[in-house]
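# Topology and contacts: notes
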Amino acid sequence: MFEESPRSSAIHNPMRDMPSCASVLVLCGERITPDDLNVTRLLDFFGLPWKMVRADDENIEGPDGPYAIVTSADCMAGMVQEVPGSGQSLPPWVMKADAAYVYGFRVNDRSTKLLRFLTGNPQAKIRTIGTHETLVTIARDLPEMCGPMSGMRVPITPQTQECVCEMPEEDGASQRIVRTEDGELFFSVDRAGVRFYLNACSGTVDISALSTQYFDVKKSFCEAVPFIFYLRAAFFDAFSCQPETSACLIVDDPPLKERYGFLEFDKVLELMAHHNFTTTIAFIPWNWRRTDPGTLNLFRNH
């Protein structure tokens, strides 16, 4: 069941303030993890160019043109440098990025320090949520990012123990995107001129995994939806050229004649071609003797 959410408190839309990225730097640790590979598979699926770099490489350089970063909280925490007399800072190649996606926060000091550094909120903390059903609310005021899911309230059941971020003192600097009653699941903040998109959840969906069931986004919401939202934000030029989602007209059990009330099958075909939507017709085989041959040919030819 999907429901619309009440209007969230809106700040400016950060997507309108940054250029569309051209490539991705995937930051990994000493060993490439399954989540690193899952990220690259999704980037390949959407046709987005990427390069994998190691966090311990001292000679990392950002690519030419606007670029985005994708990494785990653990790897990003390793990028935060202690600067004598000025606290902490990020490497130049991170600060030159146009957007960064950080996922996989944990209830530990390393993740907590990173969260507080990126948000500038000394009271921010991380907490776990169970694997029971919970209701997530998706921002209404970011349609370029959230698309058809904008404003929805979606009941989800996490497959693993997931985390959310708590921000006790709201300062208006963060942009809520996906939240639960327990805290922020996915949100963005500005740090050092970079828009950071923080996903508190643990990993990324594996689109190469075999499955005996149809994919249910409510069962893999945390692993799939925030990352797709981020890609839509960082690469909005690439996503904006994709065709919009069209409708499907469903008609239940009409007799297959030339006309059924206000339904004219040849007229429906004309409208489908003009407006780019689909039509699903359910009919009763028992009525085959009443079927009009001309209408039957419309089905055969389309």
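Structure's up top.
Let us look at the structure shown here. Here the structure is a predicted model, which is why all the values come from computation and not from measurement.

At a minimum axis distance of 12 Å, the contact between helix α1 (residues 34–45) and helix α6 (residues 221–234) shows a crossing angle of 50 degrees. Put simply, α1 runs oblique to α6. Every pair of crossing elements has a handedness; the one defined by α1 and α6 is right-handed. Judged by residue contacts, Val39, Leu42 and Leu43 of α1 engage Phe227, Ile228 and Leu231 from α6. Its residues placed into classes, the contact of α1 with α6 shows six nonpolar, no polar and no charged.

Under the defined criterion, the tally for this structure stands at 10 aromatic pairs. The structure contains a cluster of three or more aromatic residues connected by ring pairs, namely Tyr101, Tyr103, Phe186, Tyr197, Phe227 and Tyr230. When the ring centre of phenylalanine 117 is taken as origin, the NZ or CZ atom of arginine 191, which lies over that ring, is 4.1 Å away.

What follows covers the pairing of strand β11 (residues 162–166). Burial within β11 is extensive, with five of its five residues counted as buried. Covered by surrounding structure in β11 are Glu162, Val164 and Glu166 together with Cys163 and Cys165, the residues of both alternating faces. Examined bridge by bridge, strand β8 (residues 125–129) and β11 share five bridges and lie antiparallel to one another. Considered in β11, the bridge of isoleucine 126 is made with cysteine 165.

Tallying each qualifying case throughout the model produces 10 salt bridges. A salt bridge links aspartate 56 to arginine 54; the nearest nitrogen and oxygen atoms lie 2.8 Å apart. Put simply, aspartate 74 and arginine 110 hold a salt bridge, and the shortest N to O gap is 2.7 Å. Taken together, the residues span a long stretch of sequence, with aspartate 74 in helix α2 (residues 73–79) and arginine 110 in helix α4 (residues 109–119) at a distance of 36 residues.

Further remarks concern the side chain of asparagine 199. Note that asparagine 199 resides in strand β14 (residues 194–199). Side chain to side chain, asparagine 199 and tyrosine 101 meet in a polar contact 2.8 Å long. There is a polar contact of 3.1 Å between the side chain of asparagine 199 and the backbone nitrogen of cysteine 201. Not counting chain neighbours up to four residues away, the residues in contact with asparagine 199 comprise Tyr101, Val102, Tyr103, Gly104, Phe105, Leu185, Phe186, Cys222 and Pro226.

Turning next to the nonpolar core. Phe229 and Tyr230 are the most contacted members of the largest nonpolar core, which has 42 residues in total. Ranked by residues supplied to this core, first place goes to α6 with 10 residues. Apart from residues no more than four positions distant in its own chain, tyrosine 230 is found in contact with Ala68, Ile69, Val70, Ala99, Ala100, Tyr101, Phe186 and Tyr197.

This next bit is on α6. Residue pairs three or four apart in sequence face the same way in an α-helix, which turns once every 3.6 residues. Taking 1.5 Å per residue as the helical rise, α6 with its 14 residues ought to reach 20 Å, and the 20 Å between its terminal C-alpha atoms agrees with that figure. Most of α6 sits out of view: 12 of its 14 residues are buried. Looking at α6, one finds that the buried residues are Phe221, Cys222, Glu223, Ala224, Val225, Pro226, Phe227, Phe229, Tyr230, Leu231, Ala233 and Ala234.

What follows covers unusual backbone geometry. With a phi close to 60 degrees, aspartate 253 is a non-glycine residue in the positive phi region. Even without glycine at this site, asparagine 276 takes up a positive phi of about 60 degrees. Its place among the elements puts asparagine 276 in the loop between α8 (265–275) and β18 (278–282).

Another aspect to go through is the pairing of strand β2 (residues 23–28). Counting buried positions along β2 yields six of six residues, so the element is predominantly enclosed. In β2, alternate side chains face the same way, and those of Ser23, Leu25 and Leu27 on one face and Val24, Val26 and Cys28 on the other are all buried. Here β2 runs beside strand β4 (residues 67–72); their pairing, made up of five bridges, is parallel. Residue pairing across strands places leucine 25 opposite isoleucine 69, the latter belonging to β4. Relative to strand β3 (residues 50–54), β2 runs parallel, the two being bridged by five bridges. By the bridge assignment for β3, leucine 25 is matched with lysine 51. For the crossover that starts at β2, traverses α1 and ends in the parallel β3, the hand is right-handed.

Here is what the cut-offs are and how they apply
Residues numbered from 1 in each chain as written. Predicted model: local features only at pLDDT ≥ 70, side-chain atom pairs only at ≥ 80, totals over all residues. Heavy atoms only, no water. Axes fitted to C-alpha atoms, helices over the stretch in contact; angles between N-to-C directions. Helix = DSSP H or I, 4+ residues; strand = E, 2+ residues; numbered from the N terminus. Parallel < 35°, antiparallel > 145°, perpendicular 65-115°, else oblique. Left-handed = near helix turned anticlockwise from the far one by under 90°. Contact = heavy atoms within 4.5 Å. Nonpolar A, V, L, I, M, F, W, Y, C, P; charged D, E, K, R; others polar. Phe/Tyr/Trp six-rings, centres within 6.5 Å; stacked < 30°, edge-to-face > 60°. Lys NZ or Arg CZ within 6 Å of the ring centre and 35° of its normal. Buried < 20%, exposed > 50% of the residue type's maximum accessible area, 1.4 Å probe, protein only. Pairing = 2+ DSSP bridges. Salt bridge = Lys/Arg side-chain N within 4 Å of Asp/Glu carboxyl O. Polar contact = N/O pair within 3.5 Å; in protein donor to acceptor, adjacent residues only side chain to side chain. Core = buried A, V, L, I, M, F, W, Y, C linked by side-chain atoms within 4.5 Å. Expected span 1.5 Å × (residues − 1). Right-handed = clockwise from strand over helix to strand, strands pointing away.

These figures capture arrangement, not role.
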